[in-house]
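Here are the chains, one letter per residue:
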Amino acid sequence: MPLTAGIVGLPNVGKSTLFNAITQSQVEAANYPFATIAPNVGVVEVPDDRLDFLTKHFNPKKTIFTTFEFTDIAGLVKGASQGEGLGNQFLSHIREVDAICHVVRCFEDDQITHVEGKVDAIRDIEIIHLELALADLSTVENRMGKVERKAKTNDKEAIMELALLKRLQELLLAGQMARSMEMSIEEINILKSFHLLTAKPVIYIANMSDEDIVDPNTNEHYQKVVEYARLENNQVIPICAKIEEELAMLEKDEKLAFLQELGIQQSGLDKIIWSAYKLLGLCTFFTAGPQEVRAWTFIRGTKAPAAAGIIHSDFQRGFIKAETYSFEDFVVYKAESSLKEAGKLRIEGKEYIVHDGDVMHFRFNV
């Protein structure tokens, strides 16, 4: 299954409006490699100008973008970690995603009530942080009870795990996130088995008015979120969810014209897609020919046989070699024959680590 980002936020912050934009932009089922799309999942194309460039030069019968999943997580209120509101549903769904897109309200509107009475972006962020930390604290303390008995038998793995759990307990009691803790590779591998909510990487999405989105820095709430995220070494993406919903209903040319009219270079949704994609260490390689030009997602550090297996398991099982060139070189030479003459078309073996932007043709035998 693909990696997924979960959209979270308090009620009335614009989370549902943003998810509507995502579902209106959803890929056709025919272009999605998984048969069933759950009602709370939006599958969108990852925008990539490189694919457009390759399509222009190969003139294929079809072009297929790679995709990314967003999950709409049930709304959160204070006390979610204790089961308040839809808290249990929220927590179970968020455990299943790989990254968190945290929508924060940065707009004033008397017609849209705020669950806490008034707009305060940092307070809203910290409400969700606290609920996630409390849920993780419960997980950690339950685990400690089981591991302590084993550690008393001088089991080395249990002793290491217990030490990590105690550090996590101290961190969470201080209201900090598990992802902020420095850990060894061994500890990171242990941490993965806990499925902690606060260990997941985060992007903040500052939802503001259509007036403010033209120059987000004029928005006081946005400035506070940027400073808060900077201290965490996290990214903030300014959007106007209302505009994104309108953009999602337009054709590509109409969308570009609308953005130009607003004085915005790129839609907020496109920025979110790319940021979530990169946050999870995802990259893209391409296959290109007269039948099809296609983008494929892989995790940074993947070797050529595993990349071939993304297309089909037979490709990995019978992998012989990969004919490879970079997209950047194709921009210069514009034809595979020219790339070959210039020595830019390479033959790579089983140990080759695939790079973002590689154009690949796999040779295999099964």
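The model shown is predicted, which means the values in this text are computed figures rather than measured ones. (Residues numbered from 1 in each chain as written. Predicted model: local features only at pLDDT ≥ 70, side-chain atom pairs only at ≥ 80, totals over all residues. Heavy atoms only, no water.)

**Points about helix H2 (residues 49-58)**
Stage number 1. Among the residues making up H2, those that are buried are Arg-50, Leu-51, Leu-54 and Phe-58. Down the axis of H2, the smallest arc covering the buried residues is 100°, so these residues share one side. In H2, the exposed positions that point more than 90 degrees away from the buried face belong to Asp-49 and Lys-56. (Buried < 20%, exposed > 50% of the residue type's maximum accessible area, 1.4 Å probe, protein only. Helix = DSSP H or I, 4+ residues; strand = E, 2+ residues; numbered from the N terminus. Arc of directions from axis to C-beta.)

**Some points on the packing of aromatic side chains**
Stage number 1. For the structure shown, the criterion picks out 13 aromatic pairs.
Stage number 2. Look at Phe-53 and Phe-327: their rings are 5.6 Å apart centre to centre, the planes differ by 80°, and that puts the pair in the edge-to-face class. Residue Phe-53 is found in helix H2, and its partner Phe-327 is found in helix H13 (residues 327-333); the two are separated by 274 residues along the sequence.
Stage number 3. When the ring of Phe-58 is compared with that of Phe-330, the centres are 5.5 Å apart and the planes differ by 15°; the resulting orientation is stacked. Linking Phe-58 in helix H2 with Phe-330 in helix H13, this pair joins segments that are 272 residues apart in sequence.
Stage number 4. What links up through ring pairs into an aromatic cluster is the set Phe-53, Phe-58, Tyr-325, Phe-327 and Phe-330.
Stage number 5. Positioned over the ring face of Trp-296 is Arg-294, at 4.2 Å from the centre of the ring. (Phe/Tyr/Trp six-rings, centres within 6.5 Å; stacked < 30°, edge-to-face > 60°. Lys NZ or Arg CZ within 6 Å of the ring centre and 35° of its normal.)

**Overview of the sheet that holds strand S1 (residues 4-8)**
Stage number 1. Here we have 6 strands laid out as an open sheet, ordered S2-S4-S1-S5-S6-S7, and mixed in their pairing. Of all strands in the sheet, those with a lone pairing partner are strand S2 (41-45) and strand S7 (235-239), marking the two edges. The average undirected angle you get between the axes of adjacent strands in this sheet is 25°.
Stage number 2. Relative to strand S4 (residues 67-72), S2 is paired through 5 bridges, and the arrangement is antiparallel. Pairing of Glu-45 across the sheet is with Thr-67, part of S4.
Stage number 3. Contacts between helix H4 (residues 121-151) and the sheet are confined to S1, strand S5 (99-105) and strand S6 (202-207), with S5 contributing the most and set at about 145° to the helix. (Pairing = 2+ DSSP bridges. Axes fitted to C-alpha atoms, helices over the stretch in contact; angles between N-to-C directions. Contact = heavy atoms within 4.5 Å.)

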